[in-house]
Amino acid sequence: MSVSHSSKLNKVVRDQYMRLPQGGRVLVTYVWIDGSGEGVRCKTRTMDQEPKCIEDVPEWNFDGSSTDQAEGSNSDMFLIPVRMFRDPFCLDPNKLVLCEVLKYNRKHAETNLRNTCKKVMDLVKDSHPWFGMEQEYTLLGINGHPYGWPDNGFPGPQGPYYCGVGADKVYGRDIVESHYKACIYAGVKICGTNAEVMPSQWEFQVGPCEGIEMGDHLWMARFILHRVCEDFGVVATLDPKPMTGNWNGAGCHTNYSTEDMRKEGGLKCIEAAIEKLSKRHNYHICVYDPRGGRDNSRRLTGHHETSSIFEFSAGVANRGASIRIPRQVGQDGCGYFEDRRPAANCDPYAVTEAIVRTTCLNETGMQTTDYADK
């Protein structure tokens, strides 16, 4: 297996140092989204006492020229703490802190999509929008080849791997279960996991989360995933189509409801929301991956449990549609629906904001309204 050199270091030696007392001081690791809009970065500082709330964590800064977020001649960027989690790597009382990024002039960075998402979610807070996102990912060796696949070939065809059990069907369960437990310890609202259709492909689910909470928790779950994989010496890729050919891609299916949808008779509200989404398909495709739909064009082919990127469709229990209404929701007459279009490498802030703009704020077309001046 192709694993990193650092994963082969003696972890018993490391544990000796990790058990040393901290004398009441606390390690606070700041986490932020870099200039790619996909990667996460982190840096750690010492605080003299444990922060009890996010307001106790001070702003910090970093070199934006090294994260594709600023020029070297004016590189300082601000880290603004927005949500705090327990640290599953250094353990209590240490913290992980998710941050927004501001430029030198205090305007939000281009990849800080949380800023506008928060404004939109505040506008519709009385609708109580709930989200649950299903994050698919693929484990790779350090050489870029799917973890556990034959070095010079391919595993057997898809079929036995989805929710599979057994050494010949699943690869990397230790990583998956470590990530699951780490998220629970941290306070991330992870709610499930399973092996996916392609071998070495997995999924975890986060939710239900209300409003801006969805993006915060999914981004921290992604950070924890990458850190866990670092310890095991492998790579987790969110590429929507990591392997060409007859292999499933990777999405981030997004389950959504408002309070009215969850009430008795809410199916009519669900159908009305889907009708609005059907008229704004191109806009959603553009924001459902970081490259304006180019990444998803490799995945949304109409095959491998996807809809066509060029057409909008909806149906009950139809995993080949853009929007799926779960069968139980159809029977109950209320609940939620699933938008199956977002790519695995989507920004959850962009996805949830787009859904709310279309279904709650009744926006149409390709343009969005700037609510900052409202």
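Residues numbered from 1 in each chain as written. Predicted model: local features only at pLDDT ≥ 70, side-chain atom pairs only at ≥ 80, totals over all residues. Heavy atoms only, no water.

> Please provide a residue-by-residue account of empty space enclosed by the protein, values included.
According to the stated counting rule, one finds four cavities of 30 Å³ or more in the structure shown. Around the largest cavity, the lining residues are W32, I33, Q69, L98, C99, E100, V101, T111, N112, R114 and Y349. Among the secondary structure elements, those contributing two or more residues to the lining of the largest cavity are β1 (26-33) and β5 (95-102). A per-element tally of the lining of the largest cavity places β5 first, with four residues. Each residue belonging to the lining of the largest cavity can be placed in one class, and the counts come to six nonpolar, three polar and two charged. (1 Å grid on protein atoms, 1.4 Å probe; cavity = no way out; pocket = protein on both sides within 12 Å on 5 of 7 lines; lining within 4 Å. Points joined across faces, edges and corners; volume = space filled by probe spheres on them. Helix = DSSP H or I, 4+ residues; strand = E, 2+ residues; numbered from the N terminus. Nonpolar A, V, L, I, M, F, W, Y, C, P; charged D, E, K, R; others polar.)

> Just give me the short version of the pattern of salt bridges, but keep the residues and values in it.
According to the stated counting rule, one finds 25 salt bridges in the structure shown. Here R106 ties to E59 by a salt bridge, and the two come within 3.0 Å at their closest N and O atoms. Taken together, the residues R106 in the loop between β5 and α2 (114-123) and E59 in the loop between β2 (40-47) and β3 (60-63) connect sequence positions 47 residues apart. The class for R106 is partly exposed, based on a relative accessible area of 41%. Salt-bridge contacts for R114 lead to E100; the nearest nitrogen and oxygen are separated by 2.9 Å. Remark: E100 occurs in strand β5 and R114 occurs in helix α2; sequence separation between them is 14 residues. Side by side, R114 and E100 carry an identical accessibility label, which is buried. One salt-bridge network, in which partners are shared between bridges, spans E38, D239, R291, D295 and R298. (Salt bridge = Lys/Arg side-chain N within 4 Å of Asp/Glu carboxyl O. Buried < 20%, exposed > 50% of the residue type's maximum accessible area, 1.4 Å probe, protein only.)

> So what's going on with unusual backbone geometry? Which residues, and what values?
Following D92, the chain continues into P93 via a peptide bond in cis, with omega recorded as 5 degrees. Despite not being glycine, R106 shows a phi value in the positive range, around 70 degrees. In the Ramachandran plot, N362 falls in the positive-phi region, its phi being about 60 degrees despite a non-glycine side chain. Position of N362 among the secondary structure elements: in the segment after α10 (348-359).

> Which residues make up the domain arrangement of the protein, and what values do they have?
We note that the domain assignment places domain 1 (6-111) and domain 2 (121-360) within the protein. For domain 1 and domain 2, the distance between their C-alpha centres works out to 26 Å. With 20 residues of domain 1 in contact, the opposing surface of domain 2 contributes 25 residues. Of all residues in domain 1, the largest losses of buried area upon contact with domain 2 belong to E38, F85 and F89, amounting jointly to 31% of the total for that side. For the interface between domain 1 and domain 2, the tally reads two salt bridges. Residues D216 and R83 are paired through a salt bridge, measuring 2.7 Å at the closest nitrogen-oxygen approach. Taken together, domain 1 and domain 2 are joined by six residue pairs in polar contact (both at pLDDT 80 or more). Secondary structure elements with two or more residues in the side of domain 1 that touches domain 2: β1, β2, β4 (76-86) and β5. Among the residues making up the side of domain 1 that touches domain 2, the classes are represented as eleven nonpolar, three polar and six charged. (Domains from an automatic or database assignment. Contact = heavy atoms within 4.5 Å. Buried area = accessible area lost by both parts, 1.4 Å probe. Polar contact = N/O pair within 3.5 Å; in protein donor to acceptor, adjacent residues only side chain to side chain.)

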